[in-house]
Amino acid sequence: MSSYTPTIGIECHVQLKTKTKLFSSASNDAREAPPNTLISHVCLGMPGALPVLNRRAVELAIIASFALNTKPQKISSFDRKHYFYPDLPKGYQISQLYKPIILGGYVDITINGKERRIGITRAHLEEDAGKSTHPAGKEYSLVDLNRAGTPLLEIVSEPEIHSPEEAKAYARELYLAMKHSGVSDADLYYGNMRFDVNVSVSDNPGKLGERTETKNLNSFRSVEKAVEYEIKRQSDLLEKGERVVQETRGWDDAKQKTFSQRSKEDAHDYRYMPDPDIPPIVLDETFINSALRDMPLMPKDLRKQLIEVGLEPSSIETILDNLPASEVIKQLFTTDNLGHVKRIGQWLAGETQAMIGNTDNTWEKLVFNIDHLVALSQMVADNKVSSTGAKVILLESLNTGVDPHKIASEKDLLQVSDMSELDEIVSNVLANNLQASEDVRNGELKAIGFLVGQVMKESRGKANPELVKNIIKEKLS
């Protein structure tokens, strides 16, 4: 494989976060709906049914353009893409071929500590088709048109990806950009984002090989593994003197391999023509600026800020992956509580993520009260609760919304930080452990751990260990 140069381009279908479909008033939330219940005469392709463009879809496309580090095209238009399939009642799909709403842009990825920039060729609006299912052992197929007309933004990368690792990193960064910008729910499980990977290999670095397209990948791992498999499969074919056939392939996740589906179509096979029912989209600066007034902090900027406060890279990526956690951190950055960002970030990426992983809870069900989180962090800073006790309080507060001070009091987790009280306990422990005290005076610092343990025992675990250690050192110095 090392003698061949792989080249990868990725097409990503992003389901836009609108209430209704791209050209009709039917609901756009088909996650749990029974088949063929979220439809209209437009979705069914009824004779005389006319599409009406969803304004919110255009606004989200504008936001997506800025998330992709470019600007929307002032003029774009829709075209008809003709093909026959049972889940496409009209016999054509409304898309944008000649004048897409986005041209250019880029996504930055980091591989082994090195940053790479992957260019964006274009991104265009289009409607989704329906869904066909093929029951096992049956001689018929079933069609569900709930998805027909769903607004999609298809983002096409430049063929500038050259490894499975880069493909995975690009897919994840694109996912984060669409999710954090509010363009899409980006739920991979429900197919809000689907990746098609185009792979070719060549023994001539200046010339592209014949490519294949593996469609409908719905995880970063499947993107990586499909690319890896195709590179090896195509390299093996060329080594045998055989040729790679341009075709569309599917991905068998159980077998971790691609399989042939059909020969690859070209643009002329679809008989594209301008859609006569939808006028061009003409954008002015006022409309573009209004769509961008609530543009949130993007993942790359949030990542940079979290690095500056000293949060570990793995914790940062966990926070970026979970939007509720990211929103908490973003709010902290807009207040005067920067000193608490690192500790709260560690709690979110550590204890909170672990709790969600081990229970039926979800990020969306938890109660994220910024004031409560800051108050708990301050209690740790003031030595009012131990780090262990704080984690108990944290999870209780996130599940119930109860103030951390109340939880600490009810669970008897408040530390003894009163100097006079601690001084008395330490004095009693030193008087009752003369040998250990003498060992500390003689430089045997291991003995100080024993003394701290005795103070903790006397205080029923409520003394602050660091304060106790300082008092012992002072008394025995």
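Please refer to the structure higher up on the page.
Residues numbered from 1 in each chain as written. Predicted model: local features only at pLDDT ≥ 70, side-chain atom pairs only at ≥ 80, totals over all residues. Heavy atoms only, no water.

### Some remarks on the nonpolar core
- Leu153, Ile155, Tyr170, Met178, Met193 and Phe195 are the most contacted members of the largest nonpolar core, which has 98 residues in total.
- Broken down by element, this core gets its largest block of residues, 9 residues, from helix H2 (residues 164–180).
- Among all residues touching Tyr170, those that are not within four sequence positions of it are Ile10, Val107, Ile109, Ile118, Ile120, Ile155, Ser157 and Ile161.
- Listed in part, the 19 residues of the second largest apolar core include Val440, Leu467, Ile472 and Leu476. (Core = buried A, V, L, I, M, F, W, Y, C linked by side-chain atoms within 4.5 Å. Buried < 20%, exposed > 50% of the residue type's maximum accessible area, 1.4 Å probe, protein only. Helix = DSSP H or I, 4+ residues; strand = E, 2+ residues; numbered from the N terminus. Contact = heavy atoms within 4.5 Å.)

### A short note on the environment of Glu230
- Mapped onto the secondary structure, Glu230 falls in helix H3 (residues 220–239).
- Spatially, the C-alpha atom of Glu230 lies 8.9 Å from that of Val201, the residues being 29 residues apart in sequence.
- Not counting the four nearest positions on each side in its chain, Glu230 is found in contact with Val199, Thr212, Thr214, Arg249 and Thr258.

### A word on the packing of helix H7 (residues 323–333) against helix H9 (residues 370–381)
- At a closest axis distance of 11 Å, the pairing of H7 and H9 adopts a crossing angle of 75°. Relative to H9, the element H7 lies roughly perpendicular. For the pair formed by H7 and H9, the contact residues are Val328, Gln331 and Leu332 on the first element and Ile370, Leu373 and Val374 on the second.
- Tallied by class, the residues present in the contact of H7 with H9 amount to 5 nonpolar, 1 polar and no charged. (Axes fitted to C-alpha atoms, helices over the stretch in contact; angles between N-to-C directions. Parallel < 35°, antiparallel > 145°, perpendicular 65-115°, else oblique. Nonpolar A, V, L, I, M, F, W, Y, C, P; charged D, E, K, R; others polar.)

### Thoughts on the pattern of salt bridges
- Within the structure shown, the criterion is met by 28 salt bridges.
- The residue Glu173 makes a salt bridge to Arg172 at a minimum N-O spacing of 3.9 Å.
- Asp196 is paired through a salt bridge with Lys215; the nearest N and O atoms lie 3.0 Å apart. Residue Asp196 is located in strand S11 (residues 193–202), and its partner Lys215 is located in strand S12 (residues 212–217); the two are separated by 19 residues in the primary sequence.
- For Asp196, a relative accessible area of 1% puts it in the buried group.
- Salt bridges sharing partners connect three or more residues here, namely Arg172, Glu173, Arg303, Glu317 and Asp321. (Salt bridge = Lys/Arg side-chain N within 4 Å of Asp/Glu carboxyl O.)

### What about the packing of H2 against helix H6 (residues 313–321)?
- Here H2 crosses H6 at 50°, and the two axes come no closer than 10 Å. Here H2 is positioned oblique relative to H6, judged by the angle of their axes. Counting all contacts with H2, which are made through Arg172, Tyr175, Leu176, Lys179 and His180, the residues of H6 involved are Glu317, Leu320 and Asp321.
- Its residues assigned to classes, the contact of H2 with H6 shows 3 nonpolar, 1 polar and 4 charged.

### Structural notes on helix H1 (residues 55–67)
- Over its 13 residues, H1 extends 19 Å from the first C-alpha to the last, a length consistent with the 18 Å expected when each residue adds 1.5 Å.
- Within H1, 10 of the 13 residues are buried, which leaves it mostly tucked inside the rest of the structure.
- Between the side-chain oxygen at the start of H1 and the backbone nitrogen of Arg56 there is a gap of 2.9 Å, and the oxygen is on Asn54.
- Looking one or two residues beyond H1, the residue adopting positive phi is Asn69, at roughly 65°. (Expected span 1.5 Å × (residues − 1). Polar contact = N/O pair within 3.5 Å; in protein donor to acceptor, adjacent residues only side chain to side chain.)

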